[in-house]
Amino acid sequence: MNTSATQKMDIQKVESSRIGQVDFDNLTFGSTFSDHMFECDYKDGAWQNPTIRPYGNLSISPGAKVFHYGQAVFEGMKAYKDDQGKIWLFRPEENFERINKSSKRMAIPEFPHDLFFEALTTLVKMDKEWVKSGLGNSLYIRPFVMATQVGVSASPSTDYKFMILTAPAQAYYTGDVKVIVADHYSRSANGGVGAAKAAGNYGAQFYPTNLAREKGFQQVIWTDDSEHKYLEEAGTMNVFFRINDTLLTAPVSDRILDGVTRKSVIDLAKHNNIDVDVRPVLVSELVEAAKNGSLKEIFGAGTAAVISPVSAFSHKDVVYELTKPEDSFSTRFKKELMDIQHNIGEDPYGWRFEVL
Ligand SMILES: *Cc1c(COP(=O)(O)O)cnc(C)c1O
């Protein structure tokens, strides 16, 4: 497969920016998009016509395979502006590798490395005014790929569209997150697509999440599909448990997405001399720890919210409340991560990537 970027990018700028119409203090996450978007089509066995053009609607056949078979994958990443006006990405190579890993699982052709980075950096530079400085502010970046071949036969598409949208985002307060430990529905299964950011994974979570909401919980802690014995992810985030002073999280697998925030938290913890145990975590262990008082914290980790502390969990209709300890790990990791992302703290890990 030819994955080299041979064509020059076509750049069409907006005539006038929409930025003046946006209330940056009242953004709903991911619903206001910046001026430009990137688009590149795969046909005749090659990615072609890379274009940046004004954000706007697409014209696409209702017969396109994405609508019928959900052959689509996505990524989520952010750009941050520091106080000097410099713009940074956080570990973008990880997102690049992951979108291609997700694509491979969904029989979508991989996207070329250099074109991904050229598109990403050009787009962010063009819409640099949309990246606001200040801790918690960012430009959310959504690369995605969809099957565009027309035809409702159930076979992989021959044609695809790769796009990148960007959306200004404010600090994302999840508030008091209460979760239900899943004992019937599953997010993923061995041999399935749980490790891929495949569009349909998220659609499939909405119904069980709605059921949890009806009971007063915001999210579901997903467990293994066969026995619901092991704790795997929280909503669309990886999940960590602190029992006494040890941090526990499940190893990545077919069922668990390899989150960039997750792997960064593990590194931060090790750097802080916190014991990290990456191993399957039992539901029974969590319940036991909650009962005997050794369960100190539960938190989700993902790009959108960075770290989301969980204040209570329910298992088999029993609710266990958590009180945030003084020396909260989640508060510490969130601060350390955000300081690195916003170029406030040292970055001994080499995670920051300068765009502008
Ligand atoms: C995207 C995602 C995460 C978090 O990954 P990050 O790279 O940290 O944003 C975790 N779990 C699932 C299921 C996801 O889709």
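If you're wondering where the values come from, they're calculated on a predicted model, not measured in any experiment.

A. Representation of the UniProt feature "modified residue: N6-(pyridoxal phosphate)lysine" (unreviewed entry) in the protein chain. The feature "modified residue: N6-(pyridoxal phosphate)lysine" (unreviewed entry), as annotated in UniProt, sits at Lys197 in this numbering. Looking at the secondary structure, you find lysine 197 in the loop between strand S9 (177-181) and helix H4 (199-214). A relative accessible area of 13% means that lysine 197 is categorised as buried. Every residue in contact with lysine 197, bar those within four places of it in the chain, is listed here: Ala72, Val73, Phe74, Glu75, Gly76, Arg98, Ser102, Tyr202 and Leu257.

B. View of the packing of helix H5 (residues 260-271) against helix H7 (residues 329-341). Viewed as axis vectors pointing N to C, H5 and H7 meet at an angle of 110°, and their least axial separation amounts to 11 Å. By the angle between their directions, the pair H5 and H7 is classed as roughly perpendicular. Of the residues in H7, those in contact with Thr261, Ser264, Val265, Leu268 and Ala269 of H5 are Phe333, Glu336, Leu337 and Ile340. Of the residues assigned to the contact of H5 with H7, the class counts are 6 nonpolar, 2 polar and 1 charged.

C. Region of the structure containing the site of the ligand. Around the ligand, the surrounding shell holds 14 residues, and the nearest of these are Lys197, Tyr202, Glu233, Thr261 and Thr303. The separation between an oxygen atom of the ligand and a polar side-chain atom of threonine 261 is 2.6 Å. In isolation the ligand exposes 380 Å². Once the protein is present, 96% of that is buried. Listing elements by their share of the shell around the ligand, those giving two or more residues are strand S12 (237-243) and H5. Here the residues of the shell around the ligand sort into 4 nonpolar, 6 polar and 4 charged.

D. Focus on the environment of phenylalanine 24. Relative to the helices and strands, phenylalanine 24 is located in the loop between strand S1 (10-11) and strand S2 (36-43). Once the C-alpha coordinates of phenylalanine 24 and lysine 132 are considered, the two residues, 108 residues apart in sequence, prove to be 8.5 Å apart. Not counting residues within four places of it along the chain, the set of residues in contact with phenylalanine 24 comprises Ile19, Trp130, Lys132, Pro168 and Gln170.

E. Spotlight on the domain arrangement of the protein chain. The domain boundaries assigned to the protein chain delineate domain 1 (10-169) and domain 2 (177-341). The straight-line distance from the C-alpha centre of domain 1 to that of domain 2 is 28 Å. Facing 22 residues of domain 1, the contacting portion of domain 2 comprises 22 residues. Both sides of the domain 1 and domain 2 interface together cover about 1900 Å² of buried area, and 61% of this is carbon and sulfur. The tally of links between domain 1 and domain 2 comes to 1 salt bridge.

F. Spotlight on H5. Taking 1.5 Å of rise per residue, 12 residues should cover 16 Å, and H5 covers 16 Å from first to last C-alpha, within 8% of that figure. Looking one or two residues past H5, asparagine 273 carries a phi angle of roughly 55°, positive in sign.

G. Main features of the nonpolar core. Judged by nonpolar contacts, the single largest core of 49 residues is most densely connected at Phe38, Phe116 and Phe162. Among the elements that take part in this core, helix H3 (residues 113-126) stands out by supplying 7 residues, more than any other. Counting residues domain by domain, this core receives three or more from each of domain 1 (10-169) and domain 2 (177-341). Discounting chain neighbours no more than four positions away, the residues touching phenylalanine 116 are Met77, Pro92, Phe96, Ile99, Phe111, Pro143 and Phe162. Counting 21 residues, the second largest nonpolar core, distinct from the first, contains Ile243, Leu248, Ala289 and Phe313.

H. Spotlight on H7. Relative to the 18 Å expected for 13 residues at 1.5 Å per residue, H7 spans 18 Å between its end C-alpha atoms, a close match to the ideal helical length. Every buried residue belonging to H7 is among Phe329, Ser330, Phe333, Leu337, Met338, Asp339, Ile340 and Gln341, and all of these are buried. Two residues or fewer past H7, asparagine 343 is found with a positive phi of approximately 60°.

I. Up close: the side chain of arginine 242. Note that arginine 242 resides in strand S12. At 2.6 Å, the side chain of arginine 242 forms a polar contact with the side chain of aspartate 245. Side-chain polar atoms of arginine 242 contact the side chain of aspartate 327, separated by 3.0 Å. Once you skip the residues sitting within four places of it in the chain, arginine 242 turns out to touch Leu247, Ser294, Leu295, Lys296, Glu297, Pro325, Asp327, Ser328 and Phe329.

J. Examining the packing of helix H2 (residues 92-105) against H3 more closely. With their axes 11 Å apart at the nearest point, H2 and H3 run at an angle of 125° to one another. Relative to H3, H2 is oriented oblique. Crossing angle aside, the handedness with which H2 passes H3 is right-handed. Every residue of H3 that contacts H2 at Pro92, Glu93, Phe96 and Ile99 is listed here: His113, Phe116, Phe117 and Leu120. Here the contact of H2 with H3 is composed, by residue class, of 6 nonpolar, 1 polar and 1 charged.

About the criteria used
- Residues numbered from 1 in each chain as written.
- Predicted model: local features only at pLDDT ≥ 70, side-chain atom pairs only at ≥ 80, totals over all residues.
- Heavy atoms only, no water.
- UniProt positions renumbered as here; feature names shortened; annotations may be inferred.
- Helix = DSSP H or I, 4+ residues; strand = E, 2+ residues; numbered from the N terminus.
- Buried < 20%, exposed > 50% of the residue type's maximum accessible area, 1.4 Å probe, protein only.
- Contact = heavy atoms within 4.5 Å.
- Axes fitted to C-alpha atoms, helices over the stretch in contact; angles between N-to-C directions.
- Parallel < 35°, antiparallel > 145°, perpendicular 65-115°, else oblique.
- Nonpolar A, V, L, I, M, F, W, Y, C, P; charged D, E, K, R; others polar.
- Near = heavy atom within 4 Å.
- Polar contact = N/O pair within 3.5 Å; in protein donor to acceptor, adjacent residues only side chain to side chain.
- Areas by Shrake-Rupley, 256 points an atom, 1.4 Å probe, with all protein chains shown as cover.
- Domains from an automatic or database assignment.
- Buried area = accessible area lost by both parts, 1.4 Å probe.
- Salt bridge = Lys/Arg side-chain N within 4 Å of Asp/Glu carboxyl O.
- Expected span 1.5 Å × (residues − 1).
- Core = buried A, V, L, I, M, F, W, Y, C linked by side-chain atoms within 4.5 Å.
- Left-handed = near helix turned anticlockwise from the far one by under 90°.

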